[in-house]
Amino acid sequence: MLPAAHRDGRSAMSSEPPPPVPAQAPTHQPSGGLLDTPQDRERSPSPLRGNVVPSPLPTRRTRTFSATVRASQGPVYKGVCKCFCRSKGHGFITPADGGPDIFLHISDVEGEYVPVEGDEVTYKMCSIPPKNEKLQAVEVVITHLAPGTKHETWSGHVVSS
C-alpha cells in the first residue's frame, strides 16, 4: 500500500497543505453585501441584450468634429423627403438633381417639424464610414411643407398644412 502522501497525488517531498474542503455556501445573501452573486444584483439594460446591435451610422452626437466641419463647409443641396419614420429615427431624401436617395437621420433634422413624404428640404452631405461610399444628409431644413398633409412637431403637436 502507498503512503498517504502518494495516494492523494502529492509527492512525499511536498510541503503543501491538503486542499481545503469547500464549506456549504449559504443559499441567500442579503443584497448590498460583498458576496452578491450575479443573480442577486439588478442588471442595467444592455444595448447588446436581445441581439440589438448599436448602429454604426454617424449621428450628430457620434460624428467626428472634422466630418462635421467638412459637411458644414460643403454646398447646400435641394431635395424632397421620400419617406421618414419617426419611430425608427430615419428616412430618405430624393435629390432634386436626380441620383440615388440620400439617408437622413433624426438627429440631423433642423427646425420644429417632423419631415413627411413630399416636404421640400435643403441639406448638406457627408459620407458614411467605414468605407465612405454612401452619403448622409446633414443640416436638413424643411423649406416647404407638403400641401394637404398633417405635420407633427417634435413635441407632438399636429398641424395641418
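In the block above lies the structure referred to throughout.
Summary of the structure given here. Source: prediction; values computed, not measured. (Residues numbered from 1 in each chain as written. Predicted model: local features only at pLDDT ≥ 70, side-chain atom pairs only at ≥ 80, totals over all residues. Heavy atoms only, no water.)

**Some thoughts on the side chain of His 105**
Operational definition: The secondary structure listing takes helices from DSSP runs of H or I that are at least 4 residues long and strands from runs of E that are at least 2 residues long, numbered from the N terminus. Within 3.5 Å is the distance limit for a polar contact, defined as a pair of N or O atoms, with the added protein rule that one can donate a hydrogen and the other accept it, and that residues adjacent in sequence qualify only through two side-chain atoms.
Position of His 105 relative to the elements: it lies in strand E3 (residues 102–105). A polar atom in the side chain of His 105 sits 2.9 Å from the side chain of Ser 107.

**Quick look at the pattern of salt bridges**
Note the cut-off: Salt bridges are identified by distance alone: a Lys or Arg side-chain nitrogen within 4 Å of an Asp or Glu carboxyl oxygen. Only protein chains enter the accessibility calculation, which uses a 1.4 Å probe; a residue is then buried when its area is under 20% of its type maximum, exposed when over 50%, and partly exposed in between.
For the coordinates displayed, the defined rule picks out three salt bridges. In this structure, the salt-bridge partner of Lys 82 is Asp 101, at a minimum N-O distance of 2.7 Å. Highlighted residues: Lys 82 in strand E1 (residues 77–85) and Asp 101 in the loop between strand E2 (90–95) and E3, separated in sequence by 19 residues. Residues Arg 86 and Glu 152 are paired through a salt bridge, measuring 2.9 Å at the closest nitrogen-oxygen approach. Separated by 66 residues along the polypeptide, Arg 86 in the loop between E1 and E2 and Glu 152 in strand E7 (residues 150–152) bring together distant segments of the chain. Given a relative accessible area of 31%, Glu 152 falls into the partly exposed group.

**Things to note about the nonpolar core**
Across soluble globular proteins, nonpolar side chains have a tendency to be buried as a group. Note the following rule: By nonpolar core is meant a set of buried Ala, Val, Leu, Ile, Met, Phe, Trp, Tyr and Cys residues that side-chain atoms within 4.5 Å join together. Only heavy atoms enter the contact rule, under which two residues are in contact if any of them lie within 4.5 Å.
Counting 12 residues, the largest nonpolar core is built from Cys 81, Phe 84, Ile 93, Ile 102, Leu 104, Val 109, Val 114, Val 121, Tyr 123, Ala 137, Val 140 and Ile 142. At the level of secondary structure, the elements contributing two or more residues to this core comprise E1, E3, strand E5 (120–128) and strand E6 (134–144). Looking at this core, the element that brings in the most residues is E6, giving three residues. The contact partners of Val 109, leaving out residues within four places of it in the chain, are Phe 84, Leu 104, Pro 115, Val 140 and Trp 154.

**What about the pairing of E6?**
Just so we agree on the cut-off: Following DSSP output, two strands are said to pair if at least two bridges run between them.
In this sheet, E6 lies alongside E3 in parallel orientation, the contact comprising two bridges. Paired with Phe 103 across the two strands is Gln 136, which belongs to E6. With two bridges connecting them, strand E4 (residues 109–110) and E6 associate as parallel partners. Pairing of Glu 110 across the sheet is with Val 141, part of E6. Direction of pairing for E5 relative to E6: antiparallel, over a ladder of eight bridges. If you follow Ser 127 over to E6, its bridge partner there is Leu 135. Linking two consecutive strands that pair antiparallel, namely E5 and E6, is a turn of five residues; a positive phi of about 55° is found at Asn 132 within it.

**Some points on the packing of aromatic side chains**
As a reminder of what qualifies: Planes of paired rings set the category: under 30 degrees apart is stacked, over 60 is edge-to-face and the rest tilted, where pairs are Phe, Tyr or Trp rings (Trp by its six-membered ring) whose centres lie within 6.5 Å.
Taken as a whole and judged by the stated rule, the model has two aromatic pairs. Relative to Phe 103, the ring of Phe 92 has its centre 5.9 Å away and its plane inclined at 75°; by these criteria the two rings are edge-to-face. Taken as a pair, Phe 92 in strand E2 and Phe 103 in strand E3 lie far apart in primary sequence, 11 residues in all. The partly exposed category is assigned to Phe 92, whose relative accessible area is 31%.

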